[in-house]
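Summary of the model geometry
Residues per chain, in single letters:
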Amino acid sequence: MSDGYESAPEPDLEETIPSLDPSSRRTLYTARTRLRDEQTGEHFTFFGLYCTEDLNRGDFIAMYSGEWTHEDVPLTDEQTRYALSISAGLTVVPPLTASGAPDPKLYPASMSNEPRPGRHANAMIVE
C-alpha cells in the first residue's frame, strides 16, 4: 500500500551531519530525508535521523534536549515546530539558529518526524 512517498537512495557521506550530542547514539547522523513525493518525484527538503548501524526494537537513539519551560509559556511558530510537551506540564524546545531550525549536530533528536496519519512511527519518545 503506497502512502504517496517513495524512498530515495542513501545520501553521500558529504551530505550527512554527524551528531555531536553526547546524549545521542554515537552512530547517529542527520541528513536530508530520503523521502520524495511519489507524484512529483521531488525530494522533500526536511532532514531525518539515520544511524550507521542496524538498530533493534527498544534501542536508545537520542535524548530530546533543549530549553525547558512551562507549557503555558507562549512560543513562536518556529519554536512550536520543534517543541515537545510532556505530561508534567513542561515543554522542551531546542534553541533555534538564524535559519529558524535547531542545529542538527547539537540537537539531532529534533530532526525526528511524526508519521503521516494512518502510518506507524519507526521510533517513539519515552518520558
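Here is what the cut-offs are and how they apply
Residues numbered from 1 in each chain as written. Predicted model: local features only at pLDDT ≥ 70, side-chain atom pairs only at ≥ 80, totals over all residues. Heavy atoms only, no water. Pairing = 2+ DSSP bridges. Helix = DSSP H or I, 4+ residues; strand = E, 2+ residues; numbered from the N terminus. Buried < 20%, exposed > 50% of the residue type's maximum accessible area, 1.4 Å probe, protein only. Polar contact = N/O pair within 3.5 Å; in protein donor to acceptor, adjacent residues only side chain to side chain. Contact = heavy atoms within 4.5 Å. Salt bridge = Lys/Arg side-chain N within 4 Å of Asp/Glu carboxyl O. Core = buried A, V, L, I, M, F, W, Y, C linked by side-chain atoms within 4.5 Å.

**Focus: the sheet that holds strand β7 (residues 84-85)**
Think of a sheet as strands paired side by side through backbone hydrogen bonds, with each pair either parallel or antiparallel. Taken in spatial order, the three strands of this open sheet run β6-β8-β7, and their pairing is antiparallel. Two strands bound the open sheet, and with one partner strand each, they are β6 (67-70) and β7.

**Re the side chain of T91**
Examined against the element boundaries, T91 turns out to sit in strand β8 (residues 90-93). For T91, a relative accessible area of 3% gives the class buried. Among the polar contacts listed, one links the side chain of T91 to the side chain of S85, at a separation of 3.2 Å. Non-local contacts of T91, meaning those with residues more than four positions away in its chain, are made with E67, W68, T69, H70, E71, L75, A83, L84 and S85.

**A look at the side chain of T27**
Relative to the helices and strands, T27 is located in the loop between β2 (17-18) and β3 (28-32). Look at T27 and you get buried, because its relative accessible area is 10%. Among the polar contacts made by the side chain of T27, one reaches the side chain of E53 at a distance of 2.7 Å. Those residues in contact with T27, other than ones at most four positions away along the chain, are Y50, C51, T52 and E53.

**Comments concerning the pattern of salt bridges**
Side chains that carry opposite charge are capable of pairing whenever their charged atoms lie near each other. Inspection of the entire model under this criterion finds two salt bridges. One salt bridge in this structure joins R25 and E53, with 2.8 Å as the shortest N-O distance. Within this pair, whereas R25 is found in the loop between β2 and β3, its partner E53 is found in the loop between β5 (47-51) and β6, the two being separated by 28 residues in sequence. A residue is classified by how much of its surface remains accessible, and E53, at 29% relative accessible area, is partly exposed. Ionic pairing is found between D59 and R25, a salt bridge with its closest N-O pair at 3.9 Å.

**Digging into the nonpolar core**
Core analysis: the biggest nonpolar cluster contains seven residues, these being Y64, Y82, L84, V92, A101, A109 and M111. With near-sequence residues (within four places) excluded, Y64 lies in contact with Y82, A83, L84, V92, P94, A109 and S110.

**Some thoughts on the sheet that holds β3**
The strand order across the open sheet built from three strands is β2-β3-β5, with neighbouring strands paired in antiparallel fashion. Bordering the open sheet on either side are β2 and β5, each of which pairs with just one other strand. Here β3 runs beside β5; their pairing, made up of five bridges, is antiparallel. Note on β5: the bridge partner recorded for L28 is C51.

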